[in-house]
Amino acid sequence: MRQITLCLLFLLGTIVSSTAQQPKKLNSSEIYEAVQKLNVLGSVLYIAAHPDDENTRLISYMSNEVKARTAYLSLTRGDGGQNLIGPEIRELLGVIRTQELLAARRIDGGEQRFTRANDFGYSKHPDETLDIWNKDEVLSDVVWAIREFKPDIIINRFDHRTPGRTHGHHTASAMLSMEAFDLANDASKYPSQLQLTETWQPKRLFFNTSWWFYGSQENFEKADKSNMLNFDIGVYYPTKGMSNNEVASLASSQHLCQGFGRLTTRGTQEEYIEFLKGEPLDGSNDVFAGIDTSWNRIEGGQAIGNILNEVERNFSFINPAAHLPQLLEAYKLLQNVKNKHWKTIKTKELKTIIEACAGLYIEVSANDPHASPDSNVSLNIEALNRSNVNIKLVSYQLSTLNDGISKNMDMPENQRLNFEEGITIPKNIHYTTPYWLNKKSTLGMYHVEKKEWIGLPETPRAVFVDFNLNIEGTPITITKPVVYRYSRPDKGELYRPFEIIPPVSASITDKVFIFENDQQKDIEVTVKAGADAIEGYVQMAYPDDWNVYPQKQKIEIANKGDIQKVVFTVIPPKNQSEGLITPMVNYKGEFYTDELIEIDYTHIPYQTVLMPSVSKVVRLDIEKRGNNIGYIEGAGDVVPESLRQIGYNVTTIKPEQISSENLANFDAIVVGIRAYNIVDDMKFKQKFLLDYVKEGGNLIIQYNTSRGINTEDISPYELELSRDRVTDENAEVKILDPDHPILNFPNKITTKDFEGWVQERGLYFPDKWSEEFTPLLAMNDKGETSKEGSLLVAKYGKGNYIYTGLSFFREFPAGVSGAYRLFANLLSAGKEDTNKLKN
C-alpha cells in the first residue's frame, strides 16, 4: 500500500482509516441526530465545478445545524488535476477524487452528485469551457440533478458575473446553475427526463460570497450587504463534541490527493450568501423563509410529525429501543403518503433509525472480494437482534435469485443467526467498474448509457440481499449490499466492496514504449484470472507498419487471482511512427481487452477499475547524451519511468541522500513536479543542488506552484514564479533563440515538436527573471499576452540551471514525441563538445 506522507492530525488519521471501508453503525447520539434530521423536510443543493471546490463549512452547517438534506453537485470529478499521493492521473485520478468527495460527505453529512462533464484541465474562460464541454448536455445534467434532488435552496460556490477572473470551469458552473434554476420547472425542456422524474422549481438561488471575491477583507467590509444573509458557522455541536468548522476541516481534509490535509479550526466564523433570484426574503435571515420544512409540508404528514417530534423531544439516549413502537407507527403512516419524493427519502431515513434503535446487525459477506459472471460464490449471512423487541426474519431475497428464501425464524435478543448461501453470479450482470468509464470519453464529456445513472457518484452495487423482517407486527424490508469482510494480524478487521470483474484481464505495465531506433523490444503481458480454470490464448493488436511475434500464446491459469506472464517481441518500422498495441485474451470464444486496475489507499474504499488495456508505441527519431540521471521525487508523476524508456539509467534520490558526494556522478539531476511545495527537506538541500550546478552539473527543475515554496533560493539568480499558464495544448509555440544549443543538440527542435501535446502547454511559469536567464520559447492562450517563462536556461559556474513549467509530466504518459526529444536536449545540456559519450 502506498505511503501517504502528508501530515495529518492523529485524530483525522484514526477517522480516515477506521471508517473508509466499514459499514456505518449509529450510536445513541447519532440516532438522535438522525431523528432531528428526519423531522426536517427541506433541502439545499450546493453547486461548483470540482472536488475540493465545495465549502464544507456551509455544507456541514446546512446538514448538521439547519438539519436540511444537503448535497454537493460537482460538475466534474476532478480528472484534470494533479495527484500528490500517487501516480494516478486523468480517469484514475477522477476515481480517487470521487471517493474523496464521498469520504468528505460521510463526515459533513451531505450527499454527492455529479454531471457528465470531463475535467479537461485549467480553462481561463467559461466560453472555452462550455465550448469543450457539450454545454447543452451538461446543462441538462444540472437540470436533471435539480429535478431529482428537488432542492428548495441552491447555493453557487462561484460568481456567474465575473467571467475570466477565475477558472473557466468555476464560472461556468455558476452560469449553468443560473440557467437551470429557470429551466427545471419547464416541461418543454429536456422532456425525456420526465419519463423518470418530474419538473421542479427551487425557491431561491444564492451565491456563496466572501472577501476573496472582493479582492480584500477591507473591500468586503465596505460592501453593501443588504442582499446577503450571514451565519455563524462556528456553532458547537455537543452531540459530536466538535464545532461545525472542526467537522468541516475534517471533511475538507479528505481531499488528500490535492494536499488538503489541514489542522482543524473552531470558534465564531461568519459565512455569507448573496441572494440572486427566486422568492424574495423580505428581510428574513432564514434561507427557508416562507417554506414549510416541517411534516406539515406534505399531505398526511401532520400525524407523522406529531409522533416523530415527540420522539425527538423525549429521546432516550440510554435506551433508544424504547421508541420503536412510535417509530413503527410513523413508518406505517408514511407508507400511505402520496408525495412519492418525500416518502422515498423519509422511508429510507426511518428504516435506518429503526434498524439502529433495535440494535440490528445484518451483514452479508462473500468468501472472496470479487467474482466473475457465471461463477459460484459463498455468502455468510449474519443477523442479530440486540434489543428485547420482537423481530422475525421472514425471508431474504438475493438479487441473483428469482425466488426468495423463506426462514420464518424468531430473532431472540442477542442470539446470533448465521446462514450460508451459495449463489451463481448471472452471466449478464454488469461489472462494478466506474460506470462513466464504460465508454470512451471525449475531451469534454463522459458518455453514460443508462440515463438513470447520470449523476450517481458510484456504480450501483450489482449483488445485494433484501431482508424481509417483521418488527412488532410491522413488515419492513432492509437491503444490504454484499461485502467482503476479513482480517489481518497487523490491521484487525477490514472491509472491501464486493466487486464483479471479468473472468480474465490483461495488462502491460508501461503505457508508452519509446523505440529510439529500429531495434526490437520484448514487451511483457500479464494475464490475470478472475475465475478458476482459465484456458485460452492471447494475441496482440498492433499498427500495420509494426510487427509482433509470436502471433498467439497459450494461456492456462488454474486458480482465480493467479497470473501468467507472456512476452511478445515488438519490431518497429525503420522510420518515425506511432500507434497503439492491445493484448487480446480469447477465453471461451470471446475476446477480453480490459485491464484490471486496483487503487488502494487507506482513506477511501478499495477501488477496482476496468480500463482498455492499451499502450502507445512510438518509433522516435531521438538522440541523447549522457546516461546516468538522478531524479528527486515531488508529487506523483511517471517521468523517471519515461526516461528509462529512452535508455537512461535513472536513480531515485531521496531528500536525505542529497549531498555533494552523491550528486557528483550524475550527468543530470531532475527535480520532480512541486517538489519545492511538498518536500520540506528541499530547503535544507538546495545548497547542494546549486553547488552541483556550479561544479559543472546539469539541473532541471520542473514546475512548482507560486504559493507555498519552501525555500527562498530556488534559483541561483532572481526568479519569480507566477500563475501564468497556457492551457491550450495547441497554442502556437514561438522559438525565441533558434541557435541556442538546447534547441539544437543533440536533436534539432522545431515547432513540429510541439504538435500532439495533451491538456496544456504548461503552468506556473516564472514571469520575472534576471538577465542571466535565456528564455527559449514563447506561447500564449488566445487573447492573452505572450508568455516567455516556460523554459529558462542559465549558466551557473561550470554548469546549467534549467527551470521549466512545460507539462512534461502529462506529455510523457501520452507518448508525445516532441516532449521526449526536447527533454533529451535538456538532459544533454553542456555536452555539445562531447560527441562520443556512452548512451
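Residues numbered from 1 in each chain as written. Predicted model: local features only at pLDDT ≥ 70, side-chain atom pairs only at ≥ 80, totals over all residues. Heavy atoms only, no water.

A. Spatial organisation of the overall build of the chain. Secondary structure assignment for the chain yields 18 helices and 42 strands. Here the C-alpha radius of gyration of the chain, 29 Å, is about what a compact globule of 839 residues would show, namely 28 Å. Referenced to the eigenvectors of the C-alpha coordinate spread, the extents of the chain come out at roughly 90 × 75 × 55 Å. By the burial criterion, 57% of the 839 residues in the chain qualify as buried. Nonlocal contacts in the chain, meaning residues at least 24 apart in sequence, comprise 74% of its contacts between residues at least 6 apart. As displayed, the chain has an accessible area near 35,200 Å², and 46% of this comes from carbon and sulfur atoms. Positive and negative charge centroids in the chain, built from 91 and 112 side chains respectively, lie 2 Å apart. (Helix = DSSP H or I, 4+ residues; strand = E, 2+ residues; numbered from the N terminus. Rg over C-alpha atoms; globule rule 2.2 N^0.38 Å. Buried < 20%, exposed > 50% of the residue type's maximum accessible area, 1.4 Å probe, protein only. Contact = heavy atoms within 4.5 Å. Areas by Shrake-Rupley, 256 points an atom, 1.4 Å probe, with all protein chains shown as cover. Lys, Arg positive; Asp, Glu negative; His and termini not counted. Charge placed at Lys NZ, Arg CZ, Asp CG, Glu CD.)

B. Spatial organisation of the sheet that holds strand 1 (residues 43–48). Here 7 strands make up an open sheet; going across it, the order is 3-2-1-4-5-9-6 and the pairing mixed. Bordering the open sheet on either side are strand 3 (111–114) and strand 6 (228–232), each of which pairs with just one other strand. When strand polarity is set aside, the average angle formed by the axes of neighbouring strands in this sheet is 30 degrees. Examined bridge by bridge, strand 5 (residues 204–207) and strand 9 (residues 270–278) share 4 bridges and lie antiparallel to one another. (Pairing = 2+ DSSP bridges. Axes fitted to C-alpha atoms, helices over the stretch in contact; angles between N-to-C directions.)

C. Structural view of the pattern of salt bridges. The final tally for this structure, using the stated rule, is 43 salt bridges. Taking the shortest distance from any N to any O, the salt bridge between glutamate 784 and lysine 124 comes out at 2.6 Å. One end of the pair, glutamate 784, is in the loop between strand 40 (777–779) and strand 41 (791–796); the other, lysine 124, is in the loop between strand 3 and helix 5 (126–132), and 660 residues separate them in sequence. Lysine 124 sits in the buried class, given a relative accessible area of 16%. Between glutamate 299 and lysine 338 there is a salt bridge, with its nearest N and O atoms 3.9 Å apart. With a gap of 39 residues between them, glutamate 299 in the loop between strand 9 and helix 10 (301–313) and lysine 338 in the loop between helix 11 (324–334) and helix 12 (340–357) connect regions that are remote in the sequence. Residue lysine 338 is classed as exposed on the basis of its relative accessible area, which comes to 68%. (Salt bridge = Lys/Arg side-chain N within 4 Å of Asp/Glu carboxyl O.)

D. Representation of the packing of aromatic side chains within the structure. Enumeration over the complete set of coordinates arrives at 29 aromatic pairs. With centroids separated by 5.7 Å and ring planes inclined at 70 degrees, the aromatic side chains of tyrosine 435 and tryptophan 453 adopt a geometry described as edge-to-face. Remark: tryptophan 453 occurs in the loop between strand 15 (417–424) and strand 16 (464–471) and tyrosine 435 occurs in the loop between strand 15 and strand 16; sequence separation between them is 18 residues. Each of the two residues, tyrosine 435 as well as tryptophan 453, counts as buried. By way of ring pairs, the aromatic residues Phe754, Trp757, Phe808, Phe812, Tyr820 and Phe823 are connected into one cluster. (Phe/Tyr/Trp six-rings, centres within 6.5 Å; stacked < 30°, edge-to-face > 60°.)

E. Structural context of the environment of proline 163. Tracing the backbone shows proline 163 in the loop between strand 4 (153–156) and helix 7 (168–183). For the pair proline 163 and proline 126, spaced 37 residues apart in the sequence, the C-alpha separation amounts to 6.3 Å. When neighbours within four sequence positions are excluded, proline 163 is seen to be in contact with His125, Pro126 and Thr171.

F. Broad picture of the packing of helix 3 (residues 56–65) against helix 9 (residues 244–252). Viewed as axis vectors pointing N to C, helix 3 and helix 9 meet at an angle of 125 degrees, and their least axial separation amounts to 8 Å. In terms of orientation, helix 3 and helix 9 fall into the oblique class. Note on packing geometry: the crossing formed by helix 3 with helix 9 is right-handed. Residues Thr56, Arg57, Ser60, Tyr61 and Asn64 of helix 3 touch helix 9, and the partners they reach there are Asn244, Val247, Ala248, Ala251 and Ser252. Here the residues of the contact of helix 3 with helix 9 are counted per class, giving 4 nonpolar, 5 polar and 1 charged. (Parallel < 35°, antiparallel > 145°, perpendicular 65-115°, else oblique. Left-handed = near helix turned anticlockwise from the far one by under 90°. Nonpolar A, V, L, I, M, F, W, Y, C, P; charged D, E, K, R; others polar.)

G. Highlighting unusual backbone geometry. Here the bond from tyrosine 549 into proline 550 is cis, since omega is -5 degrees, no more than 30 degrees from zero. Residue proline 746 is reached from phenylalanine 745 by a cis peptide bond, and omega for that bond is -5 degrees. Inspection of the secondary structure assignment puts proline 746 in the loop between strand 37 (733–735) and strand 38 (762–769). Residue lysine 67 is not a glycine yet carries a positive backbone phi of 70 degrees. Summarising the element assignment, lysine 67 is placed in the loop between helix 3 and strand 2 (69–74). On the basis of relative accessibility, which here comes to 13%, the residue lysine 67 falls in the buried class. In the Ramachandran plot, asparagine 408 falls in the positive-phi region, its phi being about 50 degrees despite a non-glycine side chain.

H. Examining helix 3 more closely. For helix 3, the buried fraction is high: 8 of the 10 residues fall into the buried class. Looking at helix 3, one finds that the buried residues are Thr56, Leu58, Ile59, Ser60, Tyr61, Met62, Ser63 and Asn64.

I. A look at the environment of glutamine 645. Its place among the elements puts glutamine 645 in helix 13 (residues 639–645). Placed 478 residues apart in sequence, glutamine 645 and histidine 167 show a C-alpha to C-alpha distance of 35 Å. Within the local environment of glutamine 645, its side chain forms a polar contact with the backbone oxygen of valine 512, the two atoms lying 2.8 Å apart. (Polar contact = N/O pair within 3.5 Å; in protein donor to acceptor, adjacent residues only side chain to side chain.)

J. Fine view of helix 12. A rise of 1.5 Å per residue sets the reference length of helix 12, with its 18 residues, at 26 Å; its end C-alpha atoms lie 25 Å apart and thus fit the reference within 8%. Of all the residues in helix 12, the buried ones are His341, Trp342, Ile345, Lys346, Thr347, Leu350, Ile353, Ile354, Glu355, Ala356 and Cys357. Two or three places before histidine 341, at the opening of helix 12, asparagine 339 has a side-chain oxygen 3.2 Å from that residue's backbone nitrogen. Positive phi appears at glycine 359, one or two residues downstream of helix 12, with a value of about 65 degrees. (Expected span 1.5 Å × (residues − 1).)

K. A look at the side chain of serine 770. With respect to the secondary-structure elements, serine 770 resides in the loop between strand 38 and strand 39 (774–775). Since its relative accessible area comes to 12%, serine 770 is described here as buried. Of the polar contacts made by the side chain of serine 770, one reaches the side chain of glutamate 772; its length is 2.6 Å. Once residues within four sequence positions are removed from consideration, serine 770 is found in contact with Tyr717 and Glu718.

L. Region of the structure containing the sheet that holds strand 35 (residues 698–701). The sheet built from 7 strands is open, its strands ordered 33-32-34-35-42-41-39 with mixed pairing. Two strands close off the open sheet at either side, each with one partner strand: strand 33 (649–652) and strand 39. Helix 16 (residues 682–694) rests against strand 32 (628–632), strand 34 (668–671), strand 35, strand 41 and strand 42 (799–804) of the sheet, and its axis sits at about 130 degrees to strand 42. Each of strand 32, strand 34, strand 35, strand 41 and strand 42 touches helix 18 (residues 817–827); the most contacted strand, strand 35, lies at about 140 degrees to it.

M. Seen up close, the confidence of the model for the chain. Looking at the chain, the pLDDT average stands at 93 and 97% of residues meet or exceed 70. Below pLDDT 50 for its whole length, residues 1–19 participates in 32 contacts with residues either more than four positions away or in separate chains. Low pLDDT (under 50) marks residues 835–839, which in the prediction has 10 contacts with non-local residues, meaning those over four places away or in another chain. (pLDDT = per-residue confidence, 0-100.)

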